[in-house]
Amino acid sequence: MLIVMHQKATQDQVDKVVNEIKARGYKALPIPGGDRVSIGVLYNKGAIDPTIFISMPGVKEAIPITRPYKQVSREFHSEDTIIRVGDVFIGEGHMVIMAGPCAVESEKQAITIAEKVKQCGAHMFRGGAFKPRTSPYTFQGMGEEGLKILAKIRREIGIPVVTEVMDYESFDMVEHYADMIQIGTRNMQNFSLLKRAGKAKKPILLKRGMSATIDEWFMAAEYILEGGNREVILCERGVRTFVRHSRNTLDISAIPYVRNESHLPIIVDPSHAAGRREQVIPLSRAAIAAEAHGLIVEVHHEPENALSDGAQSLYPEQFDLLCRQVRDIFGIFEKQHKEEQLR
Ligand code: PEP
Ligand code: MN
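All values reported here derive from a predicted model rather than from experimental measurement.

## Digging into the site of ligand 1
Lining the immediate environment of ligand 1, one finds Cys 102, Arg 126, Lys 131, Glu 164, Gln 182, Gly 184, Thr 185, Arg 186, Lys 207, Arg 237, His 272 and Glu 298. Within the contact set of ligand 1, an oxygen atom lies 2.8 Å away from a side-chain nitrogen or oxygen of Lys 131. With the chains in place, 97% of the 300 Å² that ligand 1 exposes on its own is no longer accessible. Tallied by class, the residues present in the shell around ligand 1 amount to one nonpolar, four polar and seven charged.

## Topic: the environment of Lys 199
Topologically, Lys 199 is positioned in the loop between α6 (191-198) and β11 (204-207). The exposure class assigned to Lys 199 is exposed, which follows from its relative accessible area of 52%. Distance from Lys 199 to Ile 224, taken between C-alpha atoms, is 7.7 Å for residues 25 residues apart in sequence. One polar contact links the side chain of Lys 199 to the main-chain carbonyl oxygen of Gly 227, over a distance of 2.8 Å.

## Looking at the coordination of the manganese ion (ligand 2)
Around the manganese ion (ligand 2), the protein supplies Cys 102 (SG), His 272 (NE2), Glu 298 (OE) and Asp 309 (OD) as donor atoms, at distances of 2.0 to 2.4 Å. Site description for the manganese ion (ligand 2): donor spacing in sequence, C-x169-H-x25-E-x10-D. Residue His 272 is found in helix α9 (residues 270-274), and its partner Glu 298 is found in strand β14 (residues 294-298); the two are separated by 26 residues along the sequence. For the pair shown, His 272 and Glu 298 are each scored as buried.

## Some points on the sheet that holds strand β4 (residues 59-63)
What the four strands build is an open sheet, ordered β2-β3-β1-β4; its pairing is antiparallel. Two strands in the sheet have a free side with no partner beyond their single neighbour: β2 (27-32) and β4. Each adjacent strand pair in this sheet contributes to an overall mean axis angle of 20°, direction not counted. Pairing geometry for β2 and strand β3 (residues 37-42), over six bridges, is antiparallel. Bridge pairing links Pro 30 to Ile 39 in β3. In this fold helix α1 (residues 11-23) packs onto β1 (2-5), β2, β3 and β4, with an angle of close to 5° to the strand it touches most, β3.

## With respect to the packing of helix α3 (residues 107-120) against helix α11 (residues 316-342)
Contact pair α3 / α11: the axes reach a minimum separation of 9 Å and the direction vectors enclose 25°. Taken as axis vectors, α3 and α11 run roughly parallel relative to one another. The interaxial crossing formed by α3 with α11 has right-handed handedness. Where α3 approaches α11, its residues Lys 116, Val 117 and Cys 120 are matched on the opposing element by Pro 316, Phe 319, Asp 320, Cys 323 and Arg 327. Its residues assigned to classes, the contact of α3 with α11 shows five nonpolar, no polar and three charged.

Quick notes on the rules
- Residues numbered from 1 in each chain as written.
- Chains lettered and ligands numbered in written order.
- Predicted model: local features only at pLDDT ≥ 70, side-chain atom pairs only at ≥ 80, totals over all residues.
- Heavy atoms only, no water.
- Near = heavy atom within 4 Å.
- Polar contact = N/O pair within 3.5 Å; in protein donor to acceptor, adjacent residues only side chain to side chain.
- Areas by Shrake-Rupley, 256 points an atom, 1.4 Å probe, with all protein chains shown as cover.
- Nonpolar A, V, L, I, M, F, W, Y, C, P; charged D, E, K, R; others polar.
- Helix = DSSP H or I, 4+ residues; strand = E, 2+ residues; numbered from the N terminus.
- Buried < 20%, exposed > 50% of the residue type's maximum accessible area, 1.4 Å probe, protein only.
- Donors = N, O, S within 2.8 Å, 3.2 Å for Na, K, Ca; no water.
- Pairing = 2+ DSSP bridges.
- Axes fitted to C-alpha atoms, helices over the stretch in contact; angles between N-to-C directions.
- Contact = heavy atoms within 4.5 Å.
- Parallel < 35°, antiparallel > 145°, perpendicular 65-115°, else oblique.
- Left-handed = near helix turned anticlockwise from the far one by under 90°.

Set out below in structure tokens:
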């Protein structure tokens with residue numbers, strides 16, 4: 001349930017509602033809004049009688065939350081969440097582009113690619129230091145050395161970095177170096193990792209599990225919000241289907257669904273969806289046309305020599321074309337929104 005207070009409700013009235021919620025054995029979560037406070041009620045089993053609260057001074061409405069995910073849903077929080085990473089804004093009205101290699105392979109490789117993607121207009125640099133590989137015999141990532149290279153890129157090239165955390169044990173280390181922490185598709189339901197992410201002081205990029213429904217994905221995000229970290233960006237990266245022409249199937253319909261149901265930003269990873277370079281640009285255009293809030297794209301200056309995911313990595317020139325095309329598409333929405341505001 002969400003209890004919406006009157007615009008002029010006093011702090012004392014808010015406190016009384018909070019105490020009433022706690023007295024019933026539930027958790028109260030005050031959410032300050034633009035012009036009024038709302039108070040979320042959590043951990044109730046079954047419906048709560050709204051008349052208990054409606055009769056209290058200062059209360060405007062008591063709205064039942066019908067979804068299993070509470071804090072992720074628009075019922076709970078109607079305004080779009082916008083997340084700031086340095087000078088980069090992620091969410092409604094912005095288009096963020098994150099780009100870089102699948103893995104940090106060496107300082108030279110990472111810096112070469114970071115300079116190129118920044119020149120093309122990327123806002124953030126991506127690169128894995130801990131790699132979740134299907135085979136134990138393939139490159140597993142550079143570990144902390146890779147994280148140090150990422151920190152150097154932020155410092156010297158001036159671009160924030162996103163990198164994957166693979167387990168609970170290395171969380172503190174990744175949090176120390178990264179501007180944004182990625183939880184990969186294979187870990188979407190690693191609940192101890194999600195609980196730790198809820199305590200993190202950095203935004204979390206939560207990828208959709210390759211076989212997860214959207215409700216399961218939302219519930220995973222709910223763990224992070226419930227832990228106290230409200231900065232979650234959802235990332236659709238394709239789901240496992242029966243097809244052979246792509247690595248995964250990009251679920252474009254997830255974008256409008258997520259936008260309707262949740263206030264959290266949603267971005268798209270066309271690279272892991274496609275698995276093939278030639279599909280990455282068309283899928284990126286489709287994602288931005290469907291109003292995703294941005295992209296995370298794999299780029300490599302020598303993809304034939306990449307230690308992971310070379311086949312889906314764009315050449316820098318292709319990435320440049322991608323950026324120009326998606327900026328044009330995003331520009332159509334920007335123009336329309338501006339015209340609507342003038343009307
Ligand atoms: C990645 O971003 O390099 C990655 C491993 O992604 P995913 O978890 O979506 O497979
Ligand atoms: Mn990859």
